[in-house]
Amino acid sequence: MSNRDSLKKTIAERLAASGTRPTPVLIERELARCERLHSALIAIQAVRAAGGQAYYHAVDLTDPAAVASVMADIRGRHGRVDVLLHAAGLEISRAIADKEPREYDLVFDVKSDGLFNLLHAAGDLPVGAVVAFSSVAGRFGNAGQTDYSAANDLQCKIMSSFRTTRPDTRGIAIDWTAWGGIGMATRGSIPKVMAMAGIEMLPPEAGIPWIRQELTAGPFRGEVVVGGQLGVLASERDSTGGIDPGAIGTGSAGPMIGAITGMGVYSGLRAETTLDPAAQPFLNDHRIDGTPVLPGVMGIEAFAALASLVAPGMRVTEVGQVDFIAPLKFYRDEPRTITVTAVTRPDGADLVADCRLSASRTLAGEQVPRVTSHFTGRVRLTAAAAEQERAAAPGDRATSAVTHDDIYHVFFHGPAYQVVDEAWHRGPDAVARLARHLPAGHAPETGHTTTEPRLAEACFQTAGLWEIGHDGHLALPAHVDLVSIPHRPVPGAELFAIAHPADDGSFDCQVLDGGGDVVLRVNGYRTVSLDGPLPADLQQPISDAMSA
């Protein structure tokens, strides 16, 4: 028998001895009281063991005068509050139609009025941080907990308001999942209900240090969810998010966006597209060891194209924090279906969409398809007009160049992606003259693209030439901090890519026309080298052009 069960047995015996029928409700109520007292005692002992002095006040937080009296004592004793931790709460789970108004008010008021009374009583007392214990029920909602959810959500909004109402006080709301071993969720059949709902309970040894971590790890303020698997809480309530996917036109979204399949609260806007190497030049002309591989720049295009459907009145200003996690290969030249998602949130006057490109594949001998996330990235949308960018034009070439034929004896790209005509060095930088009159990069050829994929590809290849020229290795894209498109190039204009190596091993690149107008910018481009250096005869023309 566990210690908790033993205590419940003792409580039942004491209730019976006093002439009170020991019902489960009375036993749980007395058990909760004992647990609260025990927790308070442990906290006092811990403070003393650390060399501090603990002062314990038992107070009804819904009583403004009582709260003000305690805060006055703190003001007189210390003159400040370093951390105000608001962890009070009651939970009476019952459908709202069956809940008495006084029960609703009690559950709601302990958290909301309690926090208000604390802050009101603090007045101008300096408060370093306020940490409010909220719940995943406040973040996601939960059946039978309308009052509890509403009170927790209000706490989160109050913490967020500190940015303007109390700028000198950090406000942190922690949305706890159900705790295991301690707390309200350990009572009765709740653990079994949680397991059936797929909600992972939080071990105390993992949860208890979290508050200190949030306070000391950095200047974060706002709302944070602490939990493992959230099961039904984080599941979508509607398979399409309540929209009619067919009503969202994708005809102008370009080759990477096929059909919209839904827009979930947590999964965002979703699109599925079937890509066929036999139909798309960006696959047929982008082969590694003979296998078509989706170019990273087309993943960037997919993110920008999908995000632009979220807010048609805004434009894509940049795609950033792009990680090329795993190559998307089209084995045996067979078509594959990709899924692209964009979860959008406001960021000031802009919108930011966190995007993901994934695909599934059933391996031999397996029944369940494996889903792989291939690329992730973040798109920024703005209503502001684009600002023109200018840079120093590359001028006349003063050094020898590596030619188109020598470049594509090394690079694996086919005609549609042979975007560099010649390249040379200018000081520490690599400069490339871009090829003109390329064959179509996607089908249909007249289709719109949100970005300029082959201009970004030119940046990648120019940086790749610099790497071959200096260390002899062929490399593949791994990460991009930022891709931005200040404006579209004039059709047929002569363009140049200039790749500058940074001290941290990344590259910054610009594509500009002969007059110095920047049409695309790439920042923080990083690669991963393939094993082994290239043969010397393939390296030599590139090394000669890239060397000082």
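The structure presented is a predicted model; accordingly, all values stated were derived computationally and were not measured.

Asks: How should the overall build of the chain be read in this particular structure?
Replies: The helix and strand inventory of the chain stands at 14 helices and 19 strands. Its C-alpha atoms give the chain a radius of gyration of 31 Å, clearly above 24 Å, the size a compact globule of 548 residues would have. Taking the principal axes of the C-alpha coordinates as reference, the chain spans close to 100 × 55 × 45 Å. The buried share of the chain, taken over its 548 residues, is 44%. Positive and negative charge centroids in the chain, built from 47 and 64 side chains respectively, lie 10 Å apart.

Asks: Could you clarify how one ought to interpret the side chain of Ser112 in this entry?
Replies: Among the structural elements, Ser112 can be located in helix α4 (residues 101-122). Taking the relative accessible area as the measure of exposure, Ser112 reaches 5% and is therefore buried. At 2.7 Å, the side chain of Ser112 forms a polar contact with the backbone oxygen of Phe108.

Asks: Just to check I follow, could you spell out the nonpolar core for this structure?
Replies: It is characteristic of soluble globular proteins that their nonpolar side chains tend to be buried jointly. Grouped together as the largest cluster of nonpolar side chains are 78 residues, with contacts concentrated most on Leu294 and Leu357. Here this core gets 10 residues from one element, more than from any other, and that element is helix α11 (residues 296-310). Excluding residues that lie within four positions of it along the chain, Leu294 makes contacts with Met256, Leu275, Phe282, Leu283, His286, Leu328, Phe330, Leu357 and Phe375. Core analysis: the next-biggest nonpolar cluster, separate from the first, contains 18 residues, Leu61, Val81, Leu84 and Val130 among them.

Asks: What should I look at first to understand the pairing of strand β5 (residues 259-264) in this one?
Replies: Along any regular strand the residues' side chains alternate between the sheet's two faces. As paired elements, β5 and strand β6 (residues 268-275) share five bridges and run antiparallel to each other. Within β6, the position partnered with Met263 by the bridge is Leu269. Taking the residues that link successive antiparallel strands as the turn, the β5-β6 hairpin has three residues.

Asks: Honestly, α4 in this entry has me stumped. Any pointers?
Replies: Because each turn of an α-helix spans 3.6 residues, side chains separated by three or four positions end up pointing in the same direction. Its 22 residues give α4 an end-to-end C-alpha distance of 30 Å, which sits within 8% of 32 Å, the value for a rise of 1.5 Å per residue. Of all the bends in α4, the greatest measures close to 45° and is centred on Asp109. Considered for burial, the residues of α4 that qualify are Glu103, Val107, Val110, Lys111, Ser112, Gly114, Leu115, Asn117, Leu118, Leu119, Ala121 and Ala122. Next to the buried residues of α4 lie α3 (64-78), β1 (81-86), β2 (127-135) and α6 (146-165). Gly123 sits one or two positions beyond α4 and adopts a positive phi of about 55°.

Asks: Would you mind going over unusual backbone geometry with me for this structure?
Replies: Backbone phi values are negative for most residues with the exception of glycine, while trans is the configuration of most peptide bonds. Look at the link from Ala443 to Pro444: it is a cis peptide, with omega at -5°. Structurally, Pro444 is set in the loop between β15 (429-434) and α13 (453-471). Positive phi, normally seen in glycine, also occurs at Asp333, with a value near 60°. Relative to the assigned elements, Asp333 resides in the loop between β9 (315-324) and β10 (336-347). One non-glycine residue, His437, adopts positive backbone phi at about 60°.

Asks: Even after reading the chapter, I still don't get the packing of α3 against α4, so can you show me in this structure?
Replies: Packing of α3 against α4 leaves a shortest axis separation of 9 Å and a crossing angle of 45°. Viewed along their axes, α3 and α4 adopt a mutual orientation that is oblique. Of the two possible hands of crossing, α3 and α4 adopt the one that is right-handed. Mapping the contact onto sequence places Pro64, Val67, Ala68, Met71 and Arg75 in α3 and Asn117, Leu118, Ala121 and Ala122 in α4. Among the residues forming the contact of α3 with α4, the class breakdown is seven nonpolar, one polar and one charged.

Asks: What is the right way to read the pattern of salt bridges from this model?
Replies: Two side chains carrying opposite charge are able to pair once their charged atoms lie near each other. As enumerated under the stated definition, the model contains 25 salt bridges in all. Asp73 is paired through a salt bridge with Arg77; the nearest N and O atoms lie 3.3 Å apart. Here Asp73 and its partner Arg77 are both found in helix α3, four residues apart, which amounts to about one turn of the helix. Its relative accessible area of 26% is what places Asp73 among the partly exposed residues. Arg77 gets classed as partly exposed once you look at its relative accessible area, which sits at 42%. If you follow the salt bridges from partner to partner, you end up with Glu318, Asp347, Asp350 and Arg380 in one network.

Asks: It is not clear to me how the packing of α4 against α6 should be interpreted in this structure. Could you clarify?
Replies: Axis angle and axis distance: for two packed helices, these are the angle between their axes and the distance between the axes, and together they describe the pair. In contact at an axis separation of 7 Å, α4 and α6 are set at 15° when each is read in the N-to-C sense. When the interaxial angle is binned, α4 and α6 end up roughly parallel. Relative to α6, the crossing made by α4 is right-handed. Facing Glu103, Tyr104, Val107, Phe108, Lys111, Ser112, Leu115 and Leu119 of α4, the residues of α6 in contact are Thr146, Asp147, Tyr148, Ala150, Ala151, Asn152, Leu154, Gln155, Ile158, Met159 and Phe162. For the contact of α4 with α6, the class distribution of residues is 12 nonpolar, four polar and three charged.

Asks: Explain the sheet that holds β1 here, please?
Replies: Two orientations exist for strands paired in a sheet by backbone hydrogen bonds: parallel and antiparallel. Within the open sheet, the four strands sit side by side as β1-β2-β3-β4. Their pairing is parallel. The open sheet has two edge strands, β1 and β4 (222-226), and neither has a second partner. Averaged over all adjacent pairs, the angle separating strand axes in this sheet is 20°, with direction ignored. Bridge count for β2 against strand β3 (residues 170-176) is seven bridges, and the pairing is parallel. Note that in β3 the partner of Ser135 across the bridge is Trp176. In the packing of α4 onto the sheet, the strands contacted are β1 and β2, and the crossing angle to β1 comes to about 165°.

Asks: Teacher, can you tell me more about the packing of aromatic side chains here?
Replies: We describe a pair of aromatic rings using the distance from one ring centre to the other and the angle between the two ring planes. With the rule as written, the count across this model stands at eight aromatic pairs. With a centroid separation of 6.4 Å and an interplanar angle of 15°, the aromatic rings of Tyr104 and Phe108 are classed as stacked. A residue pair is termed a helical-turn pair when its members lie 3 or 4 positions apart in one helix, as Tyr104 and Phe108 do in helix α4 at four residues. According to the relative accessible area criterion, Tyr104 is partly exposed, its value standing at 25%. Phe108 gets classed as partly exposed once you look at its relative accessible area, which sits at 22%. Geometrically, the ring pair formed by Tyr408 and Phe411 is edge-to-face, given 6.1 Å between the ring centres and 65° between the ring planes. The ring of Tyr55 carries Arg77 above its face, with NZ or CZ at 4.0 Å from the centroid.

What counts, and where the lines are drawn
Residues numbered from 1 in each chain as written. Predicted model: local features only at pLDDT ≥ 70, side-chain atom pairs only at ≥ 80, totals over all residues. Heavy atoms only, no water. Helix = DSSP H or I, 4+ residues; strand = E, 2+ residues; numbered from the N terminus. Rg over C-alpha atoms; globule rule 2.2 N^0.38 Å. Buried < 20%, exposed > 50% of the residue type's maximum accessible area, 1.4 Å probe, protein only. Lys, Arg positive; Asp, Glu negative; His and termini not counted. Charge placed at Lys NZ, Arg CZ, Asp CG, Glu CD. Polar contact = N/O pair within 3.5 Å; in protein donor to acceptor, adjacent residues only side chain to side chain. Core = buried A, V, L, I, M, F, W, Y, C linked by side-chain atoms within 4.5 Å. Contact = heavy atoms within 4.5 Å. Pairing = 2+ DSSP bridges. Expected span 1.5 Å × (residues − 1). Bend = angle between axes of the 7 residues up to and from the residue. Axes fitted to C-alpha atoms, helices over the stretch in contact; angles between N-to-C directions. Parallel < 35°, antiparallel > 145°, perpendicular 65-115°, else oblique. Left-handed = near helix turned anticlockwise from the far one by under 90°. Nonpolar A, V, L, I, M, F, W, Y, C, P; charged D, E, K, R; others polar. Salt bridge = Lys/Arg side-chain N within 4 Å of Asp/Glu carboxyl O. Phe/Tyr/Trp six-rings, centres within 6.5 Å; stacked < 30°, edge-to-face > 60°. Lys NZ or Arg CZ within 6 Å of the ring centre and 35° of its normal.

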